[in-house]
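One letter stands for each residue in the lines below.
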Amino acid sequence: SFLQKSLQCDKIHAEFASLQIKEAPHDADNIANRTMRMASIRATDDTNAPKAASKPMVLMQLFCFISIVLAIFAYAFGLQSMNSICSPVKPGSTLSPGYAYEAPWWAPKKHKRILFTFCGDRPRTLLTWDGKMISITDDDASEVLLNQRANEITIEADSLNFFDKKSKVTSFKTPWSK
């Protein structure tokens with residue numbers, strides 16, 4: 001029923017909010033207020049299930065479904081940290097030269113900007129690597145966050161590992177981690 005779906009959606013929002021609060025305890029009030037505001041908007045809707053699905057209802061159901069799928073996916077792959085969720089590359093990956101990676105890595109291209117709102121005030125990043133030089137910029141490429149030479153690069157939730165030709169590793173904290 002409509003009420004059950006609304007409750008499921010609120011539960012998912014609360015779980016995402018708890019992840020955000022763990023990552024940014026100093027911003028807990030804002031995160032909690034935003035989550036409660038979203039729940040109160042749904043609470044003011046008509047709680048009787050409509051005979052014909054309205055466009056906002058369908059969108060809310062789609063959002064809840066996507067949120068549930070993402071929560072299951074995150075749990076199944078051990079991505080319970082916001083650093084993993086907000087990364088432009090799946091944690092544990094080795095980069096392939098010639099590609100551009102955009103945060104969040106798990107979202108379809110046309111929905112990346114909207115879904116990144118779950119990441120709060122983290123910088124949304126674009127990562128490019130030509131096989132020799134990695135460049136990490138903010139999403140509109142107006143600010144360079146990191147330029148670094150490397151022979152091979154692996155990405156973790158909160159670190160970038162650069163390997164030189166002698167396999168010496170240099171690690172940096174990722175710009176999207178807190």
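In case you missed it, the structure is sitting above this.
Parameters at a glance
- Residues numbered from 1 in each chain as written.
- Predicted model: local features only at pLDDT ≥ 70, side-chain atom pairs only at ≥ 80, totals over all residues.
- Heavy atoms only, no water.
- Helix = DSSP H or I, 4+ residues; strand = E, 2+ residues; numbered from the N terminus.
- Buried < 20%, exposed > 50% of the residue type's maximum accessible area, 1.4 Å probe, protein only.
- Contact = heavy atoms within 4.5 Å.
- Pairing = 2+ DSSP bridges.
- Axes fitted to C-alpha atoms, helices over the stretch in contact; angles between N-to-C directions.
- Phe/Tyr/Trp six-rings, centres within 6.5 Å; stacked < 30°, edge-to-face > 60°.
- Disulfide = S-S within 2.5 Å.
- Salt bridge = Lys/Arg side-chain N within 4 Å of Asp/Glu carboxyl O.

Concerning the overall build of the chain
Right, so step 1: Within the chain, the regular secondary structure consists of five helices and eight strands.
Right, so step 2: The order of α-helices and β-strands along the chain, N terminus first, is α-α-α-α-β-β-α-β-β-β-β-β-β.
Right, so step 3: Burial status across the chain gives 37% buried among its 178 residues.
Right, so step 4: Across the chain, the fraction of contacts at a sequence separation of at least 24, relative to all contacts at a separation of at least 6, is 46%.

Topic: the sheet that holds strand E3 (residues 125-129)
Right, so step 1: In spatial order, the strands read E2-E3-E4-E5; together these four strands make up an open sheet with antiparallel pairing. Of all strands in the sheet, those with a lone pairing partner are strand E2 (99-102) and strand E5 (144-149), marking the two edges. Averaged over all neighbouring strand pairs, the angle between strand axes comes to 15 degrees, with direction disregarded.
Right, so step 2: Pairing of E3 with strand E4 (residues 133-138), which is carried by five bridges, proceeds in the antiparallel orientation. If you follow Thr128 over to E4, its bridge partner there is Ser135.

Digging into the packing of aromatic side chains
Right, so step 1: Scanning the model with the defined rule gives three aromatic pairs in all.
Right, so step 2: Plain terms: the ring middles of Phe63 and Phe118 are 6.1 Å apart, the flat faces sit at 20 degrees to each other, and that makes the pair stacked. Of this pair, Phe63 sits in helix H3 (residues 55-76) while Phe118 sits in the loop between helix H5 (112-115) and E3, placing them 55 residues apart in sequence.
Right, so step 3: Among the residues examined, Phe63 registers a relative accessible area of 28% and is labelled partly exposed.
Right, so step 4: Between the aromatic rings of Phe162 and Phe172, the centroid separation amounts to 5.3 Å while the plane-to-plane angle is 70 degrees, which identifies the pairing as edge-to-face. With a gap of ten residues between them, Phe162 in strand E7 (residues 159-163) and Phe172 in strand E8 (residues 169-173) connect regions that are remote in the sequence.

Considerations on the state of the cysteines
Right, so step 1: Taken as a whole, this structure holds one disulfide when the rule is applied.
Right, so step 2: Put simply, Cys86 and Cys119 are joined by a disulfide, and their sulfur atoms are 2.0 Å apart. Its S-S torsion of approximately -110 degrees makes the covalent link between Cys86 and Cys119 left-handed. Of this pair, Cys86 sits in the loop between helix H4 (82-85) and strand E1 (93-94) while Cys119 sits in the loop between H5 and E3, placing them 33 residues apart in sequence. Cys119 matches Cys86 in its accessibility class, with the two residues each being buried.

Points about the pairing of E7
Right, so step 1: The buried count for E7 comes to four of five residues, which makes it a mostly enclosed element.
Right, so step 2: Inspection of the sheet shows strand E6 (residues 152-155) paired to E7 by four bridges, in the antiparallel sense. Counterpart to Thr154 in the pairing with E7 is Asn161.
Right, so step 3: Between the antiparallel neighbours E6 and E7 lie three residues.

Quick look at unusual backbone geometry
Right, so step 1: A cis amide bond links Ala103 to the next residue, Pro104, at an omega of -10 degrees.
Right, so step 2: Relative to the assigned elements, Pro104 resides in the loop between E2 and H5.
Right, so step 3: Located in the positive-phi region is Ser167, a residue other than glycine, with phi close to 65 degrees.
Right, so step 4: Along the chain, Ser167 turns up in the loop between E7 and E8.

Concerning the pattern of salt bridges
For side chains bearing opposite charge, pairing can occur when the charged atoms are close.
Right, so step 1: Considering all chains together, one arrives at two salt bridges under this definition.
Right, so step 2: Across the pair Glu102 and Lys109 runs a salt bridge, and its minimum N-O distance is 2.9 Å.
Right, so step 3: Across the pair Arg124 and Glu102 runs a salt bridge whose closest N-O atoms are separated by 2.3 Å. Here Glu102 lies in strand E2 and Arg124 lies in the loop between H5 and E3, a separation of 22 residues in the sequence. Considered together, Arg124 and Glu102 belong to a single accessibility category, that of buried residues.
Right, so step 4: Look at the salt bridges and you will find they share partners, linking Glu102, Lys109 and Arg124 into a network.

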